[in-house]
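Observations on chain architecture
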Amino acid sequence: MTYDLVALVDGRPSSDDVLAGLAAAGEDLGVRAVSGGAVIQLCDNENLPLVSVELPLLIQVPGEVERMLGAAVGSVETPAWWVEIRATARDGAREIAQQYANTLISRLGGKVWTSEGVETPRIETPQGANEGTD
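Residues numbered from 1 in each chain as written. Predicted model: local features only at pLDDT ≥ 70, side-chain atom pairs only at ≥ 80, totals over all residues. Heavy atoms only, no water.

1. What about helix H1 (residues 15-25)?
Selection rule: Only protein chains enter the accessibility calculation, which uses a 1.4 Å probe; a residue is then buried when its area is under 20% of its type maximum, exposed when over 50%, and partly exposed in between. Each helix corresponds to a stretch of at least 4 residues labelled H or I by DSSP, and each strand to a stretch of at least 2 residues labelled E; elements are numbered beginning at the N terminus. It is the directions from the helix axis to the C-beta atoms that the arc portrays. Contacts are residue-level and defined by heavy atoms, with any inter-residue pair within 4.5 Å sufficient.
Within H1, the full set of buried residues consists of Asp-17, Val-18, Gly-21, Leu-22 and Ala-25. Taken end-on, H1 shows its buried residues confined to a sector of 135 degrees, consistent with a single buried face. Along H1, exposed side chains directed more than 90 degrees from the buried face belong to Ser-15, Asp-16 and Leu-19. Close packing links the buried residues of H1 with strand S2 (30-34), strand S3 (39-43) and helix H3 (93-108). Two residues or fewer past H1, Gly-26 is found with a positive phi of approximately 150 degrees.

2. A closer look at unusual backbone geometry
Most peptide bonds are trans, and most residues other than glycine sit at a negative phi. Following Thr-78, the chain continues to Pro-79 via a peptide bond in cis, the omega torsion being 5 degrees. On the secondary structure map, Pro-79 appears in the loop between helix H2 (64-69) and strand S6 (80-87).

3. Observations concerning the packing of H1 against H3
Any two packed helices are characterised by how steeply their axes cross, that is the angle between the axes, and by the distance between the axes. What counts is decided by this rule: Axis lines are fitted through C-alpha atoms, for helices just across the contact stretch, and the angle between N-to-C directions can take any value from 0 to 180 degrees. Each angle is binned into one of four classes, with values under 35 degrees roughly parallel, values over 145 roughly antiparallel, values of 65 to 115 roughly perpendicular, and all other values oblique. Left-handed is the label given to a crossing in which the near helix is rotated counterclockwise from the far helix by less than a right angle, and right-handed is the label when the rotation is clockwise. Polar here means any residue other than Ala, Val, Leu, Ile, Met, Phe, Trp, Tyr, Cys and Pro, which are nonpolar, and Asp, Glu, Lys and Arg, which are charged; Gly is therefore polar.
Contact geometry of H1 with H3 gives a least axis separation of 8 Å together with a crossing angle of 140 degrees. Taken together, the axes of H1 and H3 lie oblique to each other. The crossing of H1 and H3 is right-handed. Facing Asp-16, Asp-17, Val-18, Ala-20, Gly-21, Leu-22, Ala-24 and Ala-25 of H1, the residues of H3 in contact are Ile-96, Gln-99, Tyr-100, Thr-103, Leu-104, Arg-107 and Leu-108. Across the contact of H1 with H3, the residue classes tally to nine nonpolar, three polar and three charged.

These figures capture arrangement, not role.
As structure tokens, this is what we get:
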């Protein structure tokens, strides 16, 4: 059974954001595009897919995210970017998908919906980043 995540990001993911997510998911993973480039797959060393990431979709209609994912997602300000991520049932795939989603959220803001609930990853603040802001 697959494990589904939706990264609901506050800003449009750039190619740098996507690459950062891919690198954070694991440098030893292969990457391939399928469905005419609409889906990126992270693959193991045998080229078998572990995680699929769809192109980001812009959600502009207020309440649309809540309608599609349910009330548990809470309020989502629009516009928001919807990045659908699907992990296979293979060992380690779920963690790879979560790392990818968390990297997008840490770079752009937002939250992650999973088939098990909503997560807002804790974002590490670099030491000394808030100094002098009193």
